[in-house]
Amino acid sequence: MLAKVFPIKLKDGTQSAAEEIVREFAPKGPAVEDGTLSFRVYRDPAKPDHLLFVEHFADQAAYDAHTGSAAYQELIAGRFGELVVEFVEIDHELLVAL
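Residues numbered from 1 in each chain as written. Predicted model: local features only at pLDDT ≥ 70, side-chain atom pairs only at ≥ 80, totals over all residues. Heavy atoms only, no water.

S.K.: Before we move on, could you go through the nonpolar core and cite the residues and values that matter?
M.R.: With 20 residues, the main nonpolar core has I8, L10, A18, F25, L51, F53 and F80 as its most contacted residues. Those elements that place two or more of their residues in this core are β1 (2-10), α1 (15-28), β3 (50-57), α2 (60-68) and α3 (70-80). A per-element tally of this core places α3 first, with five residues. With sequence-adjacent residues up to four places away left out, I8 is seen in contact with D49, H50, L51, F53, F80, V84, E86 and F87. (Core = buried A, V, L, I, M, F, W, Y, C linked by side-chain atoms within 4.5 Å. Buried < 20%, exposed > 50% of the residue type's maximum accessible area, 1.4 Å probe, protein only. Helix = DSSP H or I, 4+ residues; strand = E, 2+ residues; numbered from the N terminus. Contact = heavy atoms within 4.5 Å.)

S.K.: Describe the packing of aromatic side chains, naming the residues involved and giving the relevant values.
M.R.: Summed over the entire model, instances satisfying the criterion amount to six aromatic pairs. Summarising the aromatic geometry, the rings of F39 and F53 are spaced 5.8 Å apart at their centres and angled 80 degrees between planes, so their arrangement reads as edge-to-face. In this pair, F39 is assigned in strand β2 (residues 36-43) and F53 in strand β3, connecting sequence segments 14 residues apart. F53 shares its class with F39; the two are buried. An aromatic cluster is defined as three or more aromatic residues linked by ring pairs; in this entry it consists of F25, F39, F53, Y72 and F80. Of note, K4 hangs over the ring of Y63, and the distance from its end group to the ring centre comes to 4.1 Å. (Phe/Tyr/Trp six-rings, centres within 6.5 Å; stacked < 30°, edge-to-face > 60°. Lys NZ or Arg CZ within 6 Å of the ring centre and 35° of its normal.)

S.K.: Summarise the environment of K28; cite the residues concerned and give the values.
M.R.: Looking at the element boundaries, K28 is found in helix α1. For K28 and V41, which are 13 residues apart along the polypeptide, the C-alpha to C-alpha distance reads 15 Å. Within the local environment of K28, its side chain forms a polar contact with the side chain of E24, the two groups lying 3.1 Å apart. (Polar contact = N/O pair within 3.5 Å; in protein donor to acceptor, adjacent residues only side chain to side chain.)

S.K.: So what's going on with the packing of α1 against α3? Which residues, and what values?
M.R.: In a packed pair of helices, the relevant descriptors are the angle between the two axes and the axis-to-axis distance. Packing of α1 against α3 leaves a shortest axis separation of 10 Å and a crossing angle of 170 degrees. As far as their axial angle goes, α3 and α1 are roughly antiparallel. For the pair formed by α1 and α3, the contact residues are A18, I21, V22, E24, F25 and K28 on the first element and A71, Y72, L75, I76, R79 and F80 on the second. (Axes fitted to C-alpha atoms, helices over the stretch in contact; angles between N-to-C directions. Parallel < 35°, antiparallel > 145°, perpendicular 65-115°, else oblique.)

Right, dumping it as structure tokens:
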């Protein structure tokens, strides 16, 4: 399993717009992708204009299919990407699961 974590800083005042895009994307992308095991996006109520994506994929091929999808290209790489100031991509491989 491949886990991806993305702390994301948004342009000031764009939190609501970013959240709308993520809500639109979830059922069109992650919800229908075979290798996407989970897709979660968190907000910190004390830190506006920041989101944290935590995603789990069966493997690298599943992640590649996810980011290559039409929904991802339009909504995340496209519209959501226009709202991003900076982000970090952190990869993890599963070590222990209970």
